[in-house]
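Notes for the structure review
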Amino acid sequence: MGSIKDKVAIIGMGCSQFGERWDTGMSDLAIEASSEAFADAGVGPDDIEACFFSTVYAPMGGLGASPAADALKLRDIPIIRNENWCTSGHIALFEACMAVASGMYDVVMALGVEKLKDTGYAGLGMGRGMNPVLEARRTAPGSFALIAKRYFERYGLSNEEGKELIGRIAVKNHDNGSRTPKAHFHNKVPLEKVLKAPVIAWPLGLFDCCGNSDGAACAIVTRADMAKNFRDDPIYLKGMGVAMDSTMPHIRPEFDWIHFGALMNSSKKAYEMAGITNPREELDVAEVHDCFTITELAIYENFGFSAPGGAIEDIRSGFFEIGGGLPVNIDGGLKCFGHPIGASGLRMTYEIYKQLQQKVDNPERQVKNPRRGLSHTFGGPPQISAVAILGNERG
């Protein structure tokens, strides 16, 4: 596999306020995120040579890539849209990085926007499968609840112990979200309240599930050798990996509901490109796809942050909390920052970008002297996973 390690850099990023943005349309959100990114990079729309756009439900706001073109008045340049489920934002970023690394462009944009609240979906039933036979009556909470139950059984946790374990992830992410100005939710939640919350799909309760949000995020990407012409502290792409499984792995007889090929293979590719052999020790901060608390737990082990079954002790000891060995979802994650599908991958990368520059919007959640960080999204069906590894020094 080829490598574009240290060949491209992010020189500007922006992120809108996430939440129930009834006062805005897709164009407003795109302008909000891109305006911050332009100012951050010191460029304007006329400097953009190509735009890579991610959204999943944009037909209500325009077909193809027209929402990006219309909102930002981008003319006579390629604007390419993708709809790769929850990984769409990362895919837009990777397309932008590959376009620059190929030598075809010098300055490009990746933009993700979603007005998910306008779809009318209540939120917790979101994620029903597209196949009317193989996925009849399947919901996202129902599917991920099966992962939790299998994990409890595999590692000898009682129902009460297992529910408390994943509840600690909810408490952590709500605590982190309370310190994050742009997050959708800012409420700290005690463990007792998490455990007593209404059940959505046992053992997942209300606070184990992310809700629906509106939002946008944007990145400006250039060649690594040009990056310091724009700013003193660009952030470099160290590794990237994408893996997509087929035929809905969860219906295969050999699928064990704990190990996910897309997760393991995408992270392996990103680690190899970045030269990482021990992610638990070599990463300083991570943003991972916590659509449900059990998803975050599964990612710990599928990504090698924890040994098989080791996430139990790591969660209990606070290893993934602010001040722990590897802080995860330090901005509240999907659980509290929000999950407007097409924007999430870029939003999670925005957090890593700001962490590595030591410019987060609240010093209380700034990781000390970070050098490398990881952002990740996971979607489907079928399962697709995308991983980016960034660093603040060019190798």
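What you see is a predicted model; the values in this text were computed from it and never measured.

**Notes on the overall build of the protein chain**
On a plain count of helices and strands, the protein chain comes out with twelve helices and eleven strands. A globule of 395 residues ought to have a C-alpha radius of gyration of about 21 Å, and the protein chain, at 19 Å, matches this closely. With 395 residues in all, the protein chain has 61% of them scored as buried. Contacts in the protein chain between residues far apart in sequence, at least 24 positions, make up 78% of those at least 6 positions apart. For the protein chain, the computed accessible surface area is about 14,800 Å², with 51% contributed by carbon and sulfur atoms. Across the protein chain, the mean location of the 40 positive side-chain charges is 2 Å away from that of the 48 negative side-chain charges.

**What about the pairing of strand β2 (residues 51–54)?**
Where burial is concerned, the two faces of β2 agree: the one with C51 and F53 and the one with F52 and S54 are both buried. Sheet analysis places β2 next to strand β3 (residues 79–82), joined by four bridges and oriented parallel. From the neighbouring strand, F52 faces β3, where its bridge partner is I80.

**Observations concerning empty space enclosed by the protein**
Counted according to the given criterion, the structure contains one cavity of 30 Å³ or more. Approximately 60 Å³ is the volume attributed to the largest cavity. Taken together, R168, I169, K172, Y300, D314, I315, G318, F319, F320 and E321 make up the lining of the largest cavity. Mapped onto the lining of the largest cavity, the elements with two or more residues apiece are α5 (159–177) and α10 (311–317). Ranked by residue count, the leading element in the lining of the largest cavity is α5, at three residues. Residues belonging to the lining of the largest cavity are distributed by class as follows: five nonpolar, one polar and four charged.

**Considerations on the UniProt feature "domain: Thiolase C-terminal" (unreviewed entry) in the protein chain**
With numbering matched to this structure, UniProt assigns "domain: Thiolase C-terminal" (unreviewed entry) to residues 249–392. In residues 249–392, the share of helix is 37% and the share of strand is 13%. The end C-alpha atoms are 37 Å apart.

**A few points about the nonpolar core**
Side chains that are nonpolar tend, in soluble globular proteins, to be buried together. With 50 residues, the main nonpolar core has Y151, I294, L297, F305, L374 and I389 as its most contacted residues. Looking at this core, the elements that each hand over two or more residues are α4 (140–154), α5, α7 (261–274), α9 (293–302), α10, β10 (372–379) and β11 (384–391). Ranked by the residues each element gives to this core, the list is headed by α4, at seven residues. Core analysis: the next-biggest nonpolar cluster, separate from the first, contains 39 residues, F94, V100, A343 and L356 among them.

**Details of the environment of N302**
The topology assignment puts N302 in helix α9. Overall, the relative accessible area of 9% leaves N302 in the buried class. Linking N302 and M264, residues 38 residues apart in sequence, is a C-alpha distance of 5.4 Å. Apart from residues no more than four positions distant in its own chain, N302 is found in contact with I258, H259, F260, L263, M264 and S267.

**Thoughts on the side chain of D214**
Within the secondary structure, D214 sits in strand β7 (residues 214–223). For D214, the side chain forms a polar contact with the side chain of K115, separated by 3.0 Å. Setting aside residues no more than four positions away along its own chain, D214 makes contact with Q17, F18, G19, E20, R21, L29, E114, K115, L116, K117, D118 and P340.

**Describing the sheet that holds β3**
Judged by pairing direction, the sheet is mixed, and its nine strands sit side by side in the order β3-β2-β4-β7-β1-β8-β11-β10-β9 without closing on themselves. Strands at the two margins of the open sheet, each flanked by one partner only, are β3 and β9 (285–287). When strand polarity is set aside, the average angle formed by the axes of neighbouring strands in this sheet is 25 degrees. Bridging between β10 and β11 involves eight bridges; their strand directions are antiparallel. Bridge pairing in β11 places S375 opposite A388. Across the face of the sheet, α7 comes into contact with β8 (235–244), β10 and β11 while running at roughly 150 degrees to β8.

**Focus on the packing of aromatic side chains**
Think of a pair of aromatic rings as described by two things: how far the centres are apart, and how the planes are tilted against each other in angle. Considering all chains together, one arrives at nine aromatic pairs under this definition. When the centroid spacing of 4.7 Å and the interplanar angle of 50 degrees are considered together, the rings of Y151 and Y155 count as tilted. Ring centres of F303 and F305 lie 5.8 Å apart, and the angle between their planes is 85 degrees; this geometry places the pair in the edge-to-face category. Each of the two residues, F303 as well as F305, counts as buried.

**Concerning the packing of helix α3 (residues 88–101) against helix α12 (residues 344–357)**
The N-to-C vectors of α3 and α12 enclose an angle of 70 degrees; their axes lie 5 Å apart at closest approach. Considering the angle they form, α3 stands roughly perpendicular to α12. Every residue of α12 that contacts α3 at G89, H90 and L93 is listed here: G345, L346 and T349. Residues that form the contact of α3 with α12 fall into these classes: two nonpolar, four polar and no charged.

**Thoughts on the packing of α4 against α5**
A pair of packed helices can be characterised by two numbers: the angle between their axes and the separation between those axes. Interaxial distance between α4 and α5 falls to 10 Å at its minimum, and their mutual angle equals 120 degrees. Judged by the inter-axis angle, α4 sits oblique to α5. Considering the relative orientation of α4 and α5, their crossing is right-handed. Residues K149, Y151 and F152 of α4 pack against N159, G162, K163, L165 and I166 of α5.

Rules used throughout
Residues numbered from 1 in each chain as written. Predicted model: local features only at pLDDT ≥ 70, side-chain atom pairs only at ≥ 80, totals over all residues. Heavy atoms only, no water. Helix = DSSP H or I, 4+ residues; strand = E, 2+ residues; numbered from the N terminus. Rg over C-alpha atoms; globule rule 2.2 N^0.38 Å. Buried < 20%, exposed > 50% of the residue type's maximum accessible area, 1.4 Å probe, protein only. Contact = heavy atoms within 4.5 Å. Areas by Shrake-Rupley, 256 points an atom, 1.4 Å probe, with all protein chains shown as cover. Lys, Arg positive; Asp, Glu negative; His and termini not counted. Charge placed at Lys NZ, Arg CZ, Asp CG, Glu CD. Pairing = 2+ DSSP bridges. 1 Å grid on protein atoms, 1.4 Å probe; cavity = no way out; pocket = protein on both sides within 12 Å on 5 of 7 lines; lining within 4 Å. Points joined across faces, edges and corners; volume = space filled by probe spheres on them. Nonpolar A, V, L, I, M, F, W, Y, C, P; charged D, E, K, R; others polar. UniProt positions renumbered as here; feature names shortened; annotations may be inferred. Core = buried A, V, L, I, M, F, W, Y, C linked by side-chain atoms within 4.5 Å. Polar contact = N/O pair within 3.5 Å; in protein donor to acceptor, adjacent residues only side chain to side chain. Axes fitted to C-alpha atoms, helices over the stretch in contact; angles between N-to-C directions. Phe/Tyr/Trp six-rings, centres within 6.5 Å; stacked < 30°, edge-to-face > 60°. Parallel < 35°, antiparallel > 145°, perpendicular 65-115°, else oblique. Left-handed = near helix turned anticlockwise from the far one by under 90°.

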